[in-house]
Amino acid sequence: MDLRIFTEPQQGATYDTLLTVAKATEALGFDAFFRSDHYLSMGSADGLPGPTDAWITLAGLARETNRIRLGTLMTAATFRLPGVLAIQVAQVDQMSGGRVELGLGAGWFEEEHKAYGIPFPKEKFARLEEQLEIVTGLWATETGRTFDHHGTHYDLTKSPALPKPAQSKVPVLIGGHGATRTPRLAARFADEFNMPFAGIEDTVRQFDRVRDAAREAGRDPGDLVYSNALVVCVGKDDQEVARRAAAIGREVDELRTNGLAGSPAEVVDKIGRYAETGSSRIYLQVLDLHDLDHLELISAQVQSQLS
């Protein structure tokens, strides 16, 4: 089971804070550092000092880290034109020496679009499908050849399809709870399917849908990586768990039900239940980015038991 650190910087984090967490992620032996792609805080968080851009952040981290994978859960398709996104991701992949992964989603948070003047189209899923066609198509086009796409939402003519990523194929992540279109897109484009913030039963149901969609598309379901994203709150004892839950404005019982919370032994046991669903990767949503002791505890007493 791979453990990856997943951050939500829109809730309030500077680049320097993210750099500190990314370096700790690498030093403590975690597999990857991922971040959300949002421009507005959610809930009661003030979001100070303001948002950081996902791909600018990852470009910086690409030069400051050496081993960990870097990526997004999920880049919003509404934020960027697909041709520009393909260039950005390819460049960051080059800057990292081939350690980038692209999580791409439709975009959903209308308020952040209004706040920063970003168009929020009514039909988002069809745009996402075209974006996936374009981004993966540009990367797959042989050097010296051109790429064309004439769709409903985007039109590309004689694109040189440059630059190329350092990796022969940048892993693409697709995720979500949708029962029909999401599994179909995953079967067609994804290297990894991620089930965000879901219990065991919902995870099993959605993984089965994705496997079925893969078979219908003529693809081996085993070709995909299956993963979960879950909030994490681990403590050496009940008092430490309660303190960490309070620090992120959550209740312990709710976190135990909906995330990975409790003692290291409890969390290892619950991760084992997710492993039984076929999940081989957990994105640990870390909401208090200043509590590096939390990461150290997870590394020493959770990750060590899973390796």
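Quick note: structure is the one above.
Description of the structure in this document. Values in this document were obtained by computation on a predicted structure and should not be read as measured data.

When its secondary structure is counted, the protein chain shows 11 helices and 12 strands. For a compact globule of 307 residues, the expected C-alpha radius of gyration is about 19 Å, and the protein chain comes in at 19 Å, within 12% of that figure. If one aligns the C-alpha atoms of the protein chain with their principal axes, the spans along those axes are about 60 × 45 × 35 Å. Scored against the burial criterion, the 307 residues of the protein chain give a buried share of 55%. Put simply, 73% of the contacts in the protein chain that link residues at least 6 apart link residues at least 24 apart. In the structure as shown, the protein chain presents an accessible area of about 13500 Å², 50% of it carried by carbon and sulfur atoms. Charged side chains in the protein chain number 32 positive and 43 negative. The centres of these two groups are separated by 5 Å.

All chains considered together, the criterion is met by six aromatic pairs. Seen from their ring centres, Phe-34 and Tyr-283 are 5.0 Å apart, and the 70° between their planes marks the pair as edge-to-face. Here the residue Phe-34 occupies a position in strand E2 (residues 32-35), and Tyr-283 occupies one in strand E12 (residues 281-286), the gap between them amounting to 249 residues. Geometrically, the ring pair formed by Phe-207 and Tyr-226 is tilted, given 5.2 Å between the ring centres and 55° between the ring planes. Of this pair, Phe-207 sits in helix H7 (residues 200-216) while Tyr-226 sits in strand E10 (residues 225-234), and the two are 19 residues apart along the sequence. The same class applies to Phe-207 as to Tyr-226, namely buried. The ring of Phe-125 has Arg-181 sitting right over it, with the charged end atom 4.2 Å from the ring centre. Looking at Arg-211, its charged tip hangs above the ring of Tyr-226, at a distance of 4.7 Å from the centre.

Right, let's talk about the environment of Leu-3 for a bit. Here Leu-3 lies in strand E1 (residues 2-7). Leave out the neighbours within four places in its chain, and Leu-3 touches Phe-30, Asp-31, Ala-32, Ile-271, Ile-282, Leu-284, Ile-298, Val-302, Gln-303 and Leu-306.

Our next topic: the packing of helix H1 (residues 15-27) against helix H2 (residues 54-64). Contact geometry for H1 and H2: axes closest at 10 Å, N-to-C directions at 45°. Taken together, the axes of H1 and H2 lie oblique to each other. Classified by chirality, the crossing of H2 by H1 is right-handed. Counting all contacts with H1, which are made through Tyr-15, Leu-18, Leu-19, Ala-22 and Lys-23, the residues of H2 involved are Thr-57, Gly-60, Leu-61 and Glu-64. Across the contact of H1 with H2, the residue classes tally to five nonpolar, two polar and two charged.

Before going further, it helps to spend a moment on the packing of helix H5 (residues 125-140) against helix H6 (residues 181-189). A pair of packed helices is characterised by two quantities: the angle between their axes and the separation of those axes. Look at H5 against H6: their axes get within 11 Å of each other, and the N-to-C directions meet at 5°. With respect to H6, the axis of H5 lies roughly parallel. Contact residues: H5 offers Phe-125, Leu-128, Glu-129, Leu-132, Glu-133 and Thr-136, while H6 offers Arg-181, Thr-182, Arg-184, Leu-185, Arg-188 and Phe-189.

A few words on H2. For H2, the complete set of buried residues consists of Ala-54, Trp-55, Thr-57, Leu-58, Ala-59, Leu-61 and Ala-62. If you follow the buried residues of H2, they end up packed against H1, E2, strand E3 (69-72), strand E4 (75-76), helix H3 (82-96) and strand E5 (100-105). Backbone nitrogen of Trp-55 and a side-chain oxygen of the N-cap are separated by 3.1 Å at the start of H2; the cap is Asp-53.

In terms of residue burial, E5 counts as a mostly covered element, since six of its six residues are buried. Neither face of E5 is left uncovered, since the one carrying Val-100, Leu-102 and Leu-104 and the one carrying Glu-101, Gly-103 and Gly-105 both have all their residues buried. Where E3 lies against E5, two bridges are found, and the strand directions are parallel. Bridging across to E5, Gly-71 finds its partner in Glu-101. Summarising the sheet, E4 and E5 pair through two bridges and their orientation is parallel. Within the sheet, the bridge partner assigned to Thr-75 lies in E5 and is Leu-104. Pairing between E5 and strand E8 (residues 172-175): two bridges, direction parallel. Bridging across to E8, Leu-102 finds its partner in Val-172.

Reading guide: rules and limits
Residues numbered from 1 in each chain as written. Predicted model: local features only at pLDDT ≥ 70, side-chain atom pairs only at ≥ 80, totals over all residues. Heavy atoms only, no water. Helix = DSSP H or I, 4+ residues; strand = E, 2+ residues; numbered from the N terminus. Rg over C-alpha atoms; globule rule 2.2 N^0.38 Å. Buried < 20%, exposed > 50% of the residue type's maximum accessible area, 1.4 Å probe, protein only. Contact = heavy atoms within 4.5 Å. Areas by Shrake-Rupley, 256 points an atom, 1.4 Å probe, with all protein chains shown as cover. Lys, Arg positive; Asp, Glu negative; His and termini not counted. Charge placed at Lys NZ, Arg CZ, Asp CG, Glu CD. Phe/Tyr/Trp six-rings, centres within 6.5 Å; stacked < 30°, edge-to-face > 60°. Lys NZ or Arg CZ within 6 Å of the ring centre and 35° of its normal. Axes fitted to C-alpha atoms, helices over the stretch in contact; angles between N-to-C directions. Parallel < 35°, antiparallel > 145°, perpendicular 65-115°, else oblique. Left-handed = near helix turned anticlockwise from the far one by under 90°. Nonpolar A, V, L, I, M, F, W, Y, C, P; charged D, E, K, R; others polar. Polar contact = N/O pair within 3.5 Å; in protein donor to acceptor, adjacent residues only side chain to side chain. Pairing = 2+ DSSP bridges.

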